[in-house]
Amino acid sequence: MTVAAQARDLEAVRDGLQRWLAARHPEWHDVRVGPLGKPTSGYSSETMLVDVLHTAGGADVPELLVARLPPAGGGIFPDYDL
């Protein structure tokens, strides 16, 4: 059985990730998430590279993060906890 790949609204993902990071890291201020890069996409999950800039201790701090999401349109597993 194959699952058709569907496009994901990357701008909505970026906005949601920015809100999630700000809530998850209250010590980070002025969290800014750059454009998402998709080096790979598969049936079990989507991997995205994320450049994040935030302020901590009065200095800008760059971060390179990896985000894993369930594939758009469903995947091979019934439930995802990513």
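Right above here is the structure, for reference.
Residues numbered from 1 in each chain as written. Predicted model: local features only at pLDDT ≥ 70, side-chain atom pairs only at ≥ 80, totals over all residues. Heavy atoms only, no water.

## Observations regarding the pairing of strand E3 (residues 59-69)
Put simply, the rule reads: Whether two strands pair depends on DSSP finding at least two bridges between them. The helix and strand labels rest on DSSP assignments: H or I over at least four residues marks a helix, E over at least two residues marks a strand, and numbering proceeds from the N terminus.
Of the strand pairs in this sheet, strand E2 (residues 46-56) and E3 are connected by 11 bridges, and their pairing is antiparallel. By the bridge assignment, Met 48 is partnered in E3 with Ala 67. In this structure, the hairpin formed by E2 and E3 is closed by a connection of 2 residues, where Gly 57 is found at a positive phi of approximately 65°.

## Some thoughts on helix H1 (residues 10-24)
Here is the rule we go by: What a helix is expected to span follows from its residue count: subtract one and scale by 1.5 Å. To sort residues, take the accessible area from a 1.4 Å probe on protein chains only and compare it with the maximum for the residue type: under 20% means buried, over 50% means exposed, and anything in between is partly exposed. What the arc measures is the spread of directions leading from the helix axis to the C-beta atoms. Pairing of N or O atoms within 3.5 Å defines a polar contact, subject to two protein rules: one partner must be a possible hydrogen donor and the other a possible acceptor, and residues neighboring in sequence count only if both atoms are side-chain atoms.
The first and last C-alpha atoms of H1 sit 20 Å apart over 15 residues, in line with the 21 Å expected at 1.5 Å per residue. Every buried residue of H1 is listed here: Val 13, Arg 14, Leu 17 and Leu 21. Projected onto a plane normal to the axis of H1, the buried residues spread over an arc of 100° and lie on a single side. Counted as exposed and oriented over 90 degrees from the buried face of H1: Arg 19 and Ala 23. Between the side-chain oxygen of the N-cap and the backbone nitrogen of Glu 11 there are 3.2 Å, and the N-cap of H1 in question is Asp 9.

## Here's the deal with the pattern of salt bridges
Convention followed: By definition here, a salt bridge exists when the distance from a side-chain nitrogen of Lys or Arg to a carboxyl oxygen of Asp or Glu is within 4 Å.
Applying the stated rule across the entire model yields 4 salt bridges. When the shortest N-O distance is used, the salt bridge between Asp 15 and Arg 14 registers 3.0 Å. We classify Asp 15 as partly exposed; its relative accessible area is 31%. Since its relative accessible area comes to 18%, Arg 14 is described here as buried. Of the charged contacts, one joins Arg 32 and Asp 60 as a salt bridge, the two residues approaching to 3.5 Å between their closest N and O atoms. Taken as a pair, Arg 32 in strand E1 (residues 29-41) and Asp 60 in strand E3 lie far apart in primary sequence, 28 residues in all. Each of the salt bridges in this network shares a partner with another, and the network as a whole consists of Glu 11, Arg 14 and Asp 15.

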